[in-house]
Amino acid sequence: MPAKYRVGIIASGRIAREHGRGWQECEHTQIVAIADSHPQALAQYGHDFHVGRRYLDYREMLAREELDIVSVCSWDPMHAEMTIAAAVHQPKAILCEKPMAVSLGEADAMIIACERNNVKLAIGHQRRFYSAWQEAKRLIQDGAIGEPKRLWSAVRSGMMNTGTHCIDFQLFVLGDPQPQWVMGSVERKTDRYIFGHRVEDRCFGVIGYPNEVEGIIESDMNPSYQLGANVYGTEGMLEVNENRLRYLTKRGWKEFEPTDKEQRPYGHAHVDQAYGIVEWIEGKNENYLGQAKQGKAALEIMLAVYESARMHERVMLPLLTRANPLDVAVESGVLPVERPGMYDERSFLVRGESMSWSAQKK
Ligand SMILES: NC(=O)c1ccc[n+]([C@@H]2O[C@H](COP(=O)([O-])OP(=O)(O)OC[C@H]3O[C@@H](n4cnc5c(N)ncnc54)[C@H](O)[C@@H]3O)[C@@H](O)[C@H]2O)c1
């Protein structure tokens, strides 16, 4: 019996391979078409995932294929444009990669376009499906470490890169509260980009969650990094990094044995993500874990770190600035580039002219 849902994937790079495995291993979905502006990337992906219908122009794929689900797997500045273009064709769901967008204005436009076209919009915060993340949330909510007080995450390669997963972790284990404020500090003397948009050289942010719980995000301060956070409570602490969890209570350290401990990158998360989206489409779970509102919440905190540095103040949320405050700070001279020369941390992925960071800026 053919799978119920026809999937099309925009962009055939590294993360598209994880989406591909997810959609292929979910029995309800079938990848019917792919689009990538780079012919070799398209051909290689089509060959590896046995997809015959291939497009150099993603808009042509959207117009021709009557897709039920669209994966958006391109670089960050293209997420909004591609998601909005896909929404017009009214698929049942769009799974857009993280970070959701590069400004709140873009994120809002994506949400509105999806709502008006009755499309469910998911963001690729697939780590919410890790059993260790879910167990950490359960432990915190059951009071295993007392009242959570401080959450600390450290990342590298730009906050808007893996930092989005760490902030998403903080929000997830706290039950997705509405953060109240953010105080941030940013150093940016080189013209550093990642996935086609500006990032800082290093930064630090404190997030004020309700009940005087504080979260910390630091980026590029130390070489070591973590995908998750340490959570300090009144009666213990826990540490999460990727799909690993250990926690300290009055009875000593305990290590959690993940139920989904596959060795491949991201474990089973993309398959669980695919099943989760199908259940969401079918109305079997209204509380799908990685919805646009959660993707926007993580984005808003990161942009608030930049806004706080730009405005030299603690920023109250919701954030009012709809542009990317880091761009505004650089372009208005608040954060001048002192060592000129754009470079992108992901330039090793550039395959051709259309993907260069100068092309992204046009
Ligand atoms: N969720 C995660 O854990 C995770 C991990 C890595 C990357 N990501 C995100 O995934 C996205 C892609 O990252 P990647 O590492 O796969 O990048 P990549 O460079 O490997 O792939 C990007 C692909 O986009 C294609 N492309 C560029 N312009 C296009 C266009 N106009 N139309 C169609 N295709 C186009 C390129 O040819 C390339 O094949 C980024 O937003 C990144 O932040 C998420």
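This section reports on the structure supplied with the text. If you're wondering where the values come from, they're calculated on a predicted model, not measured in any experiment.

### Description of the packing of aromatic side chains
Geometrically, a pair of aromatic rings is defined through the distance of the ring centres and the angle of the planes.
Reasoning step 1: Under the definition given, this model contains 6 aromatic pairs.
Reasoning step 2: Between Trp 133 and Phe 169, the aromatic rings sit 4.8 Å apart at their centres with planes inclined by 80 degrees, giving edge-to-face as the arrangement. You can see Trp 133 sitting in helix α6 (residues 131-141) and its partner Phe 169 sitting in helix α7 (residues 159-173), a full 36 residues away along the chain.
Reasoning step 3: Accessibility expressed as a relative area gives 0% for Trp 133, which makes it buried.
Reasoning step 4: Each member of the aromatic cluster is reached from another via a ring pair, and the members are Phe 129, Trp 280 and Tyr 288.

### Some remarks on the pattern of salt bridges
Reasoning step 1: A complete count under the given rule lists 27 salt bridges for this structure.
Reasoning step 2: With its nearest N and O atoms 3.1 Å apart, the salt bridge here joins Asp 220 to Arg 192. Of this pair, Asp 220 sits in the loop between β12 (213-219) and β13 (228-233) while Arg 192 sits in strand β9 (residues 190-194), and the two are 28 residues apart along the sequence.
Reasoning step 3: On the basis of relative accessible area, Asp 220 is assigned to the buried category, the value being 16%.
Reasoning step 4: For Arg 192, a relative accessible area of 6% gives the class buried.

Basis of the calculations
- Residues numbered from 1 in each chain as written.
- Predicted model: local features only at pLDDT ≥ 70, side-chain atom pairs only at ≥ 80, totals over all residues.
- Heavy atoms only, no water.
- Phe/Tyr/Trp six-rings, centres within 6.5 Å; stacked < 30°, edge-to-face > 60°.
- Helix = DSSP H or I, 4+ residues; strand = E, 2+ residues; numbered from the N terminus.
- Buried < 20%, exposed > 50% of the residue type's maximum accessible area, 1.4 Å probe, protein only.
- Salt bridge = Lys/Arg side-chain N within 4 Å of Asp/Glu carboxyl O.

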